[in-house]
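A structural walkthrough
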Amino acid sequence: QVQLVQSGGGLVQPGGSLRLSCAASGSIFSIGAMGWYRQAPGKQRELVATITSGGSTVYADSVKGRFTISRDNAKNTVYLQMNSLKPEDTAVYYCNSRVATMTSPRELSYWGQGTQVTVSS
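An account of the accompanying structure is given in this report. (Residues numbered from 1 in each chain as written. Predicted model: local features only at pLDDT ≥ 70, side-chain atom pairs only at ≥ 80, totals over all residues. Heavy atoms only, no water.)

Helix and strand counts for the protein come out as zero helices and eleven strands. Scanning the protein from its N terminus toward the C terminus, one meets helices and strands in the order β-β-β-β-β-β-β-β-β-β-β. In terms of overall dimensions, the protein is globule-like: its C-alpha atoms have a radius of gyration of 14 Å, near the 14 Å expected for 121 residues. Expressed as lengths along the three principal axes of its C-alpha atoms, the size of the protein is roughly 50 × 25 × 25 Å. (Helix = DSSP H or I, 4+ residues; strand = E, 2+ residues; numbered from the N terminus. Rg over C-alpha atoms; globule rule 2.2 N^0.38 Å.)

What follows is the structure, given as structure tokens:
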């Protein structure tokens, strides 16, 4: 019923920038919080940043001042602008959205397919 499709990511040198996008589609009634998570090899998935429908944001300490989360409610899309990237930012990045559908008014959690971000010289 709901699909989250991610784009962006890839290989970048330390200090470089990347922008991730995640677009939600399907039988959407409303979208609540949207966010980005990441999982490095051998580690648990961790929160990177979240943004509410009203625009309030939360960031992991490790990315504060370097990453910016934003959303376009008209496009049902969330973005993650990543600047000053470090090798320790290397991970698979996943978007997440809490979505209420036309048939289910209770918000459920949906995940994107994941995209690899590699920071290396």
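Inspection of the secondary structure puts Q44 in the loop between β4 (28-39) and β5 (46-51). With 55 residues separating them along the chain, Q44 and V99 place their C-alpha atoms 24 Å apart. When neighbours within four sequence positions are excluded, Q44 is seen to be in contact with R38 and Q39. (Contact = heavy atoms within 4.5 Å.)

Let's shift gears to the pattern of salt bridges. One pass over the structure, following the stated rule, counts five salt bridges. A salt bridge links R38 to D89, with the shortest nitrogen-to-oxygen separation between them at 2.9 Å. On the criterion of sequence distance, the pair formed by R38 in strand β4 and D89 in the loop between β8 (77-82) and β9 (91-101) is long-range, its members being 51 residues apart. Between D89 and R66 there is a salt bridge, and its shortest N-O distance comes to 2.7 Å. Here the residue D89 occupies a position in the loop between β8 and β9, and R66 occupies one in the loop between β6 (57-59) and β7 (67-72), the gap between them amounting to 23 residues. Sharing partners across several salt bridges, the network here consists of R38, E46, R66 and D89. (Salt bridge = Lys/Arg side-chain N within 4 Å of Asp/Glu carboxyl O.)

Evaluated as defined, the whole model comprises one aromatic pair. Considering the side-chain rings of Y37 and W111, the 5.1 Å spacing of their centres and the 65° angle between planes classify their relative orientation as edge-to-face. Linking Y37 in strand β4 with W111 in strand β10 (residues 108-111), this pair joins segments that are 74 residues apart in sequence. Here Y37 falls in the partly exposed class, since its relative accessible area comes to 22%. (Phe/Tyr/Trp six-rings, centres within 6.5 Å; stacked < 30°, edge-to-face > 60°. Buried < 20%, exposed > 50% of the residue type's maximum accessible area, 1.4 Å probe, protein only.)

With that out of the way, let us pick up the side chain of S97. One can find S97 in strand β9. Excluding anything up to four places from it in sequence, S97 contacts L4, I31, A33, M34, L108, S109 and Y110.

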